[in-house]
Amino acid sequence: MMVRKTKEEAQETYSALLDAAEQVFSEKGVTRTTLNEVACAAGMTRGAIYWHFKDKTALFQAMCDRAFLPMDSLLNEIANAPDKDPIDALRQMMVHLLKQIATDKRQRKVFDIIFHRCEKTEEMAFFVLEQEKRAECLSQMEVILQVAVTQGVLPTATNTQIAMQAIHAYVIGLIHEWLVDTNAYNLEQHAEEMMDIFLAGLVARPPLKKCYSQLPP
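What counts, and where the lines are drawn
- Residues numbered from 1 in each chain as written.
- Predicted model: local features only at pLDDT ≥ 70, side-chain atom pairs only at ≥ 80, totals over all residues.
- Heavy atoms only, no water.
- Helix = DSSP H or I, 4+ residues; strand = E, 2+ residues; numbered from the N terminus.
- Buried < 20%, exposed > 50% of the residue type's maximum accessible area, 1.4 Å probe, protein only.
- Contact = heavy atoms within 4.5 Å.
- pLDDT = per-residue confidence, 0-100.
- Arc of directions from axis to C-beta.

## Some points on the overall build of the protein chain
Reasoning step 1: Helices and strands together make up the secondary structure of the protein chain, namely nine helices and zero strands.
Reasoning step 2: Reading the helices (α) and strands (β) of the protein chain from amino to carboxyl end gives α-α-α-α-α-α-α-α-α.
Reasoning step 3: Put simply, the protein chain has 217 residues, and 39% of those count as buried.
Reasoning step 4: Expressed as a percentage of contacts within the protein chain between residues at least 6 apart in sequence, the contacts between residues at least 24 apart total 74%.

## Thoughts on the confidence of the model for the protein chain
Predicted coordinates in regions of low pLDDT should not be interpreted in detail.
Reasoning step 1: Of all residues in the protein chain, 86% have pLDDT values of 70 or greater, and the mean over the chain is 86.
Reasoning step 2: Scored below 50 in pLDDT, residues 212-217 shows zero contacts in the model against residues more than four places distant or in partner chains.

## A closer look at helix H2 (residues 35-42)
Residues separated by three or four positions in an α-helix point in the same direction, a consequence of the helix having 3.6 residues per turn.
Reasoning step 1: When H2 is considered as a whole, its buried residues turn out to be Leu-35, Val-38 and Ala-39. Along the long axis of H2, the arc covered by the buried residues comes to 100°, so they all point the same way.
Reasoning step 2: Phi for Gly-43, located one or two positions after H2, is positive at around 75°.

This is how it looks when you write it as structure tokens:
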């Protein structure tokens, strides 16, 4: 019983430190925040942080993972079953992401920290991992687009890589701009129609591969 209690207390400390990190990163920015300030916000000593995290990058990574893990799991589930309707699979992925950010305070705050409160410095090795996750996500989207080509939903000449990049840029742009002014419109209410606008355009006028062999030397 004593061991179990110790594990529970450790988990409570871990969660409290992540809560404090969200608060201080949001208020001061990641670069200007010290581990001591996070510890003080949590009502703990700096030693408590080093018990769980080796440095600020590890703390930042854990904060992001806690916020995004539930969302990542569902997106992976959708991405791995696109065969029936690949365009609808893309729609589900993107609409879910937008609605989660609109309704989940933790995810909204963490996205805001990443977009608006965090400088991409060499100190933050997290962004190397972020690039790896981004590449994985983009790869999942391109697989779905390739299924759409195979099914004839998109023409054979569709440039799935450019389509993938366009979808990603559109969604990230929506999130980034909405976080600047969350009162501008109701993202949860309009997420579906905003994705329908884009996907309708993608199906009607998909980017096509260029025939470079016909270009003059």
